[in-house]
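Structure assessment
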Amino acid sequence: MNKIFVLSFLAAGYFLQAQSIGNSPYASFGIGDVKYDNTVDVSAMGGISTAYISDLNNSFNFANPAANLNLELTSIKVEGTNENNFYTTDVNNMKVTKHSTYLSNISIAFPISKNVKFGLGFQPYSSKNYNFINSTTNGNVTTVNRFIGSGTVSTVQAGLSYSIKPGFAVGLRSNFYFGNLYNTEEITNSQATLVNGYQTKNRIKSFDFTLGSVYQKKLKNDHKFTLGATYTFGATGDTETYYKNSTYFFGRNGSLVDELIIEDNLKTENNLFPMAASFGAGYGKDMKWFLSGQIDYKQGQNVLFLGKDFQYKDSYKASIGGWFLPDLNNFRSYFQRVIYRYGAYYQKGNLFLNGKNINEFALTGGVTLPFNGKVNAASSLDLGIEIGKRGTTQNNLINQNFINLKIGINFADKWFTKRYYD
């Protein structure tokens, strides 16, 4: 059975890297839409993770690698996301709907010893997948701008947790980012004989590291207070950014004909994955309920976009969320053993366009459904939903409403233990 799980892990990882992921026009800037959001259970709680230690023994927290004090079982998670985006803009009163379904996470985690826990995961980090046209007419001249973007950046993450003493642990997570991103803007008009194209290609192979710590104080009547913090160092490694400005015709098969390169350059940079930090605090009761608040910060940076420097602003995110479990030991009522999750977040985005911040907020919820039976007693099915809004229609910008549905399966069992009886 263990071999089957490992083969499934490898096959799913290959599929995850090959898939195409849709997203919004705001993905045209920088590294695209960031999809990295830890796991279904965490995203269902508004993204709170820094001070979140699972009361159960079957789940690994990658966002804060220190917060894995209770992991005792081997956990394999496979998760998928269905995105439903609804765009509106005051420009020509346009409305567009986009849907995308993709494999969003696969991971394996297990305890190495009582005090040391390890996890390995594979996720899409960000993506670009857009193709839209804007045309304007001035007198007898019609100008057409076409914007095209494609590509995915994936990440392999490894997390290690070490318990210094009961209730206090530190952790380290490393992320290896890899992939290619493409941006193209093409301009032509009704009186032109050539197309003018601007292209940016990012070839990414980079690392970053996250340090984490967590402290949990046990109080009276099974209550507990938890503090957590993380710090992510900026990426190390080379990211090649190639820019080209050229004119050309299109051939019958879509190839470029008679291309004349006006300007091109190759730049090496490593600031696409900037410094980030988070702090969280939570309060709850063992195996009954938990509530946490969290603040995230991500540093702004300059990136090369279509031949010009593009400025990302500092980003801030405030999250609140938690869970409650009616009665873990009530075997007469299945729904008494379901974990119910809830949350919300507001993010001051790092994009500043046409004099407006592209901000985002959402309400989240979900459930963890335990498997019945003795064999899979620690395994579960996670369901999550995220309903929110991003952007604005002011200043000729785009408003994005979204409903994201998430599902994940957590296979948990006791591995690496010698069996004395069959």
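Quantities reported herein were computed from a predicted structural model and do not represent experimental measurements.

What the protein contains, in helices and strands, is two helices and 21 strands. Expressed as a percentage of the 422 residues in the protein, the buried residues total 47%. Sequence separation of 24 or more characterises 65% of the internal contacts of the protein that already satisfy a separation of 6 or more.

Among the structural elements, Glu83 can be located in strand E2 (residues 74–89). Reaching out from Glu83, the side chain makes a polar contact with the side chain of Lys35 at a distance of 3.0 Å. Within polar-contact distance, the side chain of Glu83 engages the side chain of Tyr102 at 2.7 Å.

Turning next to the packing of aromatic side chains. Taken as a whole and assessed by the stated rule, the structure comprises 14 aromatic pairs. Their ring planes at 10° and their centres at 6.5 Å tell us that Phe207 and Phe209 sit as a pair that is stacked. Residue classification places Phe209 among the partly exposed positions, given a relative accessible area of 34%. With a centroid separation of 5.3 Å and 45° between ring planes, the pair formed by Tyr297 and Tyr316 is classed as tilted. Placement of the pair is Tyr297 in strand E12 (residues 289–298) and Tyr316 in strand E15 (residues 315–324), with a sequence separation of 19 residues. By relative accessible area, which is 40% here, Tyr316 ends up partly exposed.

What follows is about the pattern of salt bridges. In this structure the tally under the stated criterion is seven salt bridges. For Lys244, the salt bridge goes to Glu259, with nearest N and O atoms at 3.0 Å. Within this pair, whereas Lys244 is found in strand E9 (residues 239–250), its partner Glu259 is found in strand E10 (residues 256–269), the two being separated by 15 residues in sequence. Of the residues examined, Lys244 reaches a relative accessible area of 13% and is grouped as buried.

As a further point, take a nonpolar patch on the surface. Taken together, the side chains of Tyr215, Leu219, Phe225, Leu227, Phe279, Tyr283, Trp289, Leu291, Ile320, Phe324 and Tyr342 define a hydrophobic patch exposed on the protein surface, amounting to about 950 Å² of accessible area. For the nonpolar patch, the elements supplying multiple residues, two or more each, are strand E8 (223–232), strand E11 (276–285), E12 and E15. In this fold, Phe279 is placed in strand E11.

With that settled, consider the pairing of strand E5 (residues 141–165). When strand E4 (residues 116–138) meets E5, the two strands line up antiparallel, connected through 22 bridges. Its bridge partner lying in E5, Gly119 is registered against Gly159. Between the end of E4 and the start of E5, which pair antiparallel, lie two residues, with Gly139 showing a positive phi angle near 70°. Relative to strand E6 (residues 168–189), E5 runs antiparallel, the two being bridged by 22 bridges. Within the sheet, the bridge partner assigned to Thr155 lies in E6 and is Tyr177.

Our focus in this paragraph is the pairing of E15. Relative to E15, E12 runs antiparallel, the two being bridged by 10 bridges. Of the residues in E15, the one forming a bridge with Gln294 is Ser319.

As a further point, take the side chain of Asn85. Relative to the elements of secondary structure, Asn85 occurs in strand E2. Exposure remark for Asn85: the relative accessible area of 5% places this residue in the buried category. Here Gln400 takes part through its side chain, which lies 2.9 Å from a polar atom of the side chain of Asn85. Residues contacting Asn85, with those up to four places away along its chain left out, are Val96, Thr97, Lys98, Gln400, Asn401 and Phe402.

Looking now at unusual backbone geometry. Here Asn221, not a glycine, exhibits a phi torsion of approximately 55°, which is positive. Among the structural elements, Asn221 can be located in the loop between strand E7 (195–218) and E8. The phi dihedral of Met287 falls on the positive side, at around 60°, and the residue is not glycine. Relative to the elements of secondary structure, Met287 occurs in the loop between E11 and E12.

Looking now at the environment of Asn145. With respect to the element layout, Asn145 can be found in strand E5. Judged by relative accessible area, Asn145 falls into the buried class, the value being 16%. Measuring from C-alpha to C-alpha, the distance between Asn145 and Ile133 comes to 5.7 Å, with 12 residues separating the pair along the chain. Excluding residues that lie within four positions of it along the chain, Asn145 makes contacts with Phe132, Ile133, Asn134, Glu185, Glu186 and Ile187. Among the polar contacts listed, one links the side chain of Asn145 to the side chain of Glu185, at a separation of 3.2 Å.

Considering every residue of the protein, the mean pLDDT works out to 85; 89% of them sit at 70 or more. Note on residues 1–18: pLDDT under 50 across the span, and 25 contacts to partners over four residues away in sequence or across chains.

Mapped onto the elements, Asn265 comes out in strand E10. Residue Asn265 is classed as partly exposed on the basis of its relative accessible area of 29%. As for Asn265 and Tyr242, which are separated by 23 residues in sequence, their C-alpha atoms are 5.9 Å apart.

What counts, and where the lines are drawn
Residues numbered from 1 in each chain as written. Predicted model: local features only at pLDDT ≥ 70, side-chain atom pairs only at ≥ 80, totals over all residues. Heavy atoms only, no water. Helix = DSSP H or I, 4+ residues; strand = E, 2+ residues; numbered from the N terminus. Buried < 20%, exposed > 50% of the residue type's maximum accessible area, 1.4 Å probe, protein only. Contact = heavy atoms within 4.5 Å. Polar contact = N/O pair within 3.5 Å; in protein donor to acceptor, adjacent residues only side chain to side chain. Phe/Tyr/Trp six-rings, centres within 6.5 Å; stacked < 30°, edge-to-face > 60°. Salt bridge = Lys/Arg side-chain N within 4 Å of Asp/Glu carboxyl O. Patch = residues over 30% accessible without salt bridge, like charges linked within 9 Å, V, L, I, M, F, W, Y side chains within 5 Å. Areas by Shrake-Rupley, 256 points an atom, 1.4 Å probe, with all protein chains shown as cover. Pairing = 2+ DSSP bridges. pLDDT = per-residue confidence, 0-100.

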